[in-house]
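What follows is the residue order along each chain.
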Amino acid sequence: ACIKRAKTKDDGNCLFHALAHQDGADGAALRAEVAEFLVEHAADQGVFADSWLEEADMLNGDPRSCWGGDTSIVAWSLLKHRRAKVHWRDHRNVLRAEDKTHPDVLAGGEPEEGDNLTTVHLMCNGKDQYDLLTPSDCSGGGQRFGSQPDPESSSSTKKRNEIGEERQRGTT
C-alpha cells in the first residue's frame, strides 16, 4: 500500500484541517467543536478529566500559539467515533506510529450501522505540524509504507547498545 502526505495549512489549525479533510469540514470549525466536546465530556474521562479541560482552554486560545495535540485527537476520536493513528519519524529517521483512538471507540466492538471506523492517519513533524496521510496508488508519487523492524531489535542496534553500556561501565 502507498500513501501520500496531504499538506495542511500552517495556520495553527493544521491538526483540525487534517482531521476534517475527509469529511470536507472546516478545520477552524472542527477545532471549536472539539473544544466544546472536551468540556462537555471531561467529567466522563476519569483521571484524564483535568487534561481534557486544559486542552479545551488551550483550543479556545489563539491558534497561532495554542495548538491541539494528543488529547484533541483522542477527543475527536470519541466525538466522531473514528480511529486515529499518529505517525512520525524518530531521531534515526525510522517511521513510528501510535494509535490515538479513544478507548471507548476501541471497546465498542463491531461497528453499528452507519458507524465509520476507518482510521485517519496523521503525520506529525514532531514539533508544530500535522498533515493527513491518504491512500495512493504507488505510481502516482505515493510512498510505500511497509512494516519496518523495530530498530531496537536489530542485531546492529543491539551491538551498539552493548558497546554503549560497556563504555558507561568503563570496560572498553
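Whatever comes next refers back to the structure up there.
(A) Quick look at the side chain of His87. You can see His87 is positioned in strand S2 (residues 83-89). The exposure class of His87 is buried, given its relative accessible area of 10%. Within the structure, the side chain of His87 is placed 2.8 Å from the side chain of His121, a separation counted as a polar contact. Contact partners of His87, with chain neighbours within four places excluded, come to Leu95, Arg96, Ala97, His121, Leu122, Met123, Cys124 and Leu133.

(B) Here's a closer look at helix H3 (residues 49-59). Within the sequence span of H3, burial applies to Ala49, Trp52, Glu55, Ala56 and Leu59. Down the axis of H3, the sector holding all buried residues measures 125°, keeping them to one side. Those residues of H3 that are exposed and angled more than 90 degrees off the buried face are Asp50, Glu54 and Asp57. Taken together, the buried residues of H3 touch helix H1 (14-20), helix H2 (27-41) and helix H4 (70-80).

(C) Structural detail: the environment of Val86. Here Val86 is to be found in strand S2. The class of Val86 is buried, set by a relative accessible area of 5%. Considered as a pair, Val86 and Cys124 are 38 residues apart in the sequence and their alpha carbons are 6.8 Å apart.

(D) Representation of the pairing of strand S4 (residues 119-124) in the model. Where S2 meets S4, 5 bridges bridge the pair, whose relative direction is parallel. Of the residues in S4, the one forming a bridge with His87 is Met123. Counting the residues between successive antiparallel strands, the hairpin from S4 to strand S5 (residues 130-136) contains 5 residues, one of them, Gly126, with a positive phi of roughly 85°.

(E) The arrangement of the pairing of S5 in detail. Of all 7 residues making up S5, 6 are buried, and the element is well covered by its neighbours. The sheet contact formed by strand S1 (residues 2-6) and S5 spans 5 bridges and is antiparallel. Across the sheet, Lys4 pairs through a bridge with Thr134, a residue of S5. Here 4 bridges tie S4 to S5, and the two strands are oriented antiparallel to one another. Residue pairing for S5: Met123 is matched across the bridge by Asp131.

Rules of the game
- Residues numbered from 1 in each chain as written.
- Predicted model: local features only at pLDDT ≥ 70, side-chain atom pairs only at ≥ 80, totals over all residues.
- Heavy atoms only, no water.
- Helix = DSSP H or I, 4+ residues; strand = E, 2+ residues; numbered from the N terminus.
- Buried < 20%, exposed > 50% of the residue type's maximum accessible area, 1.4 Å probe, protein only.
- Polar contact = N/O pair within 3.5 Å; in protein donor to acceptor, adjacent residues only side chain to side chain.
- Contact = heavy atoms within 4.5 Å.
- Arc of directions from axis to C-beta.
- Pairing = 2+ DSSP bridges.

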